[in-house]
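An overview of the molecular structure
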Amino acid sequence: MKNTKAFFRLIALLEGVSYILLLFVATPIKYLQGDPQYVKLLGMPHGILFMAYIVLAIWLKPEYNWNQRSFITVLIASIIPFGTFYVDKKFLKN
C-alpha cells in the first residue's frame, strides 16, 4: 500500500501543477492573446489527473483513516488552486 500512497502524492503534485498552469498560464493566453492552443494542450492531461486524484482519494480513505471532514477537505482541495499542495503537506506526509 506504500506504493499507492507514493503514487497518490505524485498524482496530487502533478494535478496541482497542471491546474496552476491551466489557470494562470493557458487561460490568460487564450483570452488575452486569442490563442486556445495551450488550453487544449493542458486540458486533457489535467482532466485525467483530476479524475485519478479523486479515484485515489476514495480508494485511500480507509488506509489514511480520514474522517468525513478530512475526506471532504481532500476532495475540495482538488478544485482550489494550490489545494493539492496543502493536502500533501497536511494529510499525506508521514
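Residues numbered from 1 in each chain as written. Predicted model: local features only at pLDDT ≥ 70, side-chain atom pairs only at ≥ 80, totals over all residues. Heavy atoms only, no water.

**A short note on the overall build of the protein**
As a reminder, the rule being used: Comment: elements are numbered from the N terminus, with helices defined as DSSP H or I runs of at least four residues and strands as E runs of at least two. Classification of residues uses two cut-offs on accessible area relative to the type maximum, computed with a 1.4 Å probe and protein chains only: under 20% is buried, over 50% is exposed, and between them is partly exposed. Here the open area of atoms and residues is found with the Shrake-Rupley method and a 1.4 Å probe, where only the protein chains shown may cover a residue.
Helix and strand counts for the protein stand at four helices and zero strands. When the elements of the protein are put in sequence order from the N terminus, they spell out α-α-α-α. When burial is assessed residue by residue, the protein has 32% of its 94 residues classed as buried. Per element, the accessible surface of the protein, about 6,100 Å² overall, is 67% carbon and sulfur.

**Describing the packing of aromatic side chains**
The cut-off we apply is this: Geometry of aromatic contacts follows a simple scheme: Phe, Tyr and Trp rings, the Trp one being its six-membered ring, pair when their centres are within 6.5 Å, and the pair is stacked under 30 degrees between planes, edge-to-face over 60, tilted otherwise. Definition used: whenever NZ (Lys) or CZ (Arg) falls within 6 Å of the ring centre and also within 35 degrees of the ring normal, the charge is taken to sit over that ring.
For the coordinates displayed, the defined rule picks out eight aromatic pairs. Taken together, the aromatic side chains of Phe8, Tyr53, Tyr64, Trp66, Phe71, Tyr86 and Phe91 make up a single cluster linked through ring pairs. The residue whose ring lies beneath Lys5 is Tyr64, and the NZ or CZ to ring-centre distance is 5.2 Å.

**Side note on the packing of helix H1 (residues 2–33) against helix H2 (residues 37–64)**
This is how the line gets drawn: Angles here are taken between N-to-C directions and fall from 0 to 180 degrees, while the axes themselves are lines fitted to C-alpha atoms, restricted in helices to the stretch in contact. In what follows, roughly perpendicular refers to angles from 65 to 115 degrees, roughly parallel to angles under 35, roughly antiparallel to angles over 145, and oblique to any angle outside these ranges. A crossing counts as left-handed when the near helix is turned anticlockwise from the far one by less than a right angle, and as right-handed when that turn is clockwise. When residues are sorted by character, Ala, Val, Leu, Ile, Met, Phe, Trp, Tyr, Cys and Pro go into the nonpolar class, Asp, Glu, Lys and Arg into the charged class, and all the rest, Gly among them, into the polar class.
At a minimum axis separation of 8 Å, H1 and H2 run at an interaxial angle of 150°. In terms of axis orientation, H1 runs roughly antiparallel to H2. In this structure, H1 meets H2 at a crossing whose hand is left-handed. In terms of residue class, the contact of H1 with H2 is made up of 22 nonpolar, five polar and four charged.

**Comments concerning the environment of Val74**
What counts here: Any two residues whose heavy atoms approach within 4.5 Å at even a single point are treated as in contact.
Within the element layout of this structure, Val74 appears in helix H3 (residues 68–77). Given the relative accessible area of 0%, Val74 is considered buried. Separated by 11 residues in sequence, Val74 and Glu63 have C-alpha atoms that sit 14 Å apart. Not counting the four nearest positions on each side in its chain, Val74 is found in contact with Phe8, Tyr53, Ala57, Trp66, Val87 and Phe91.

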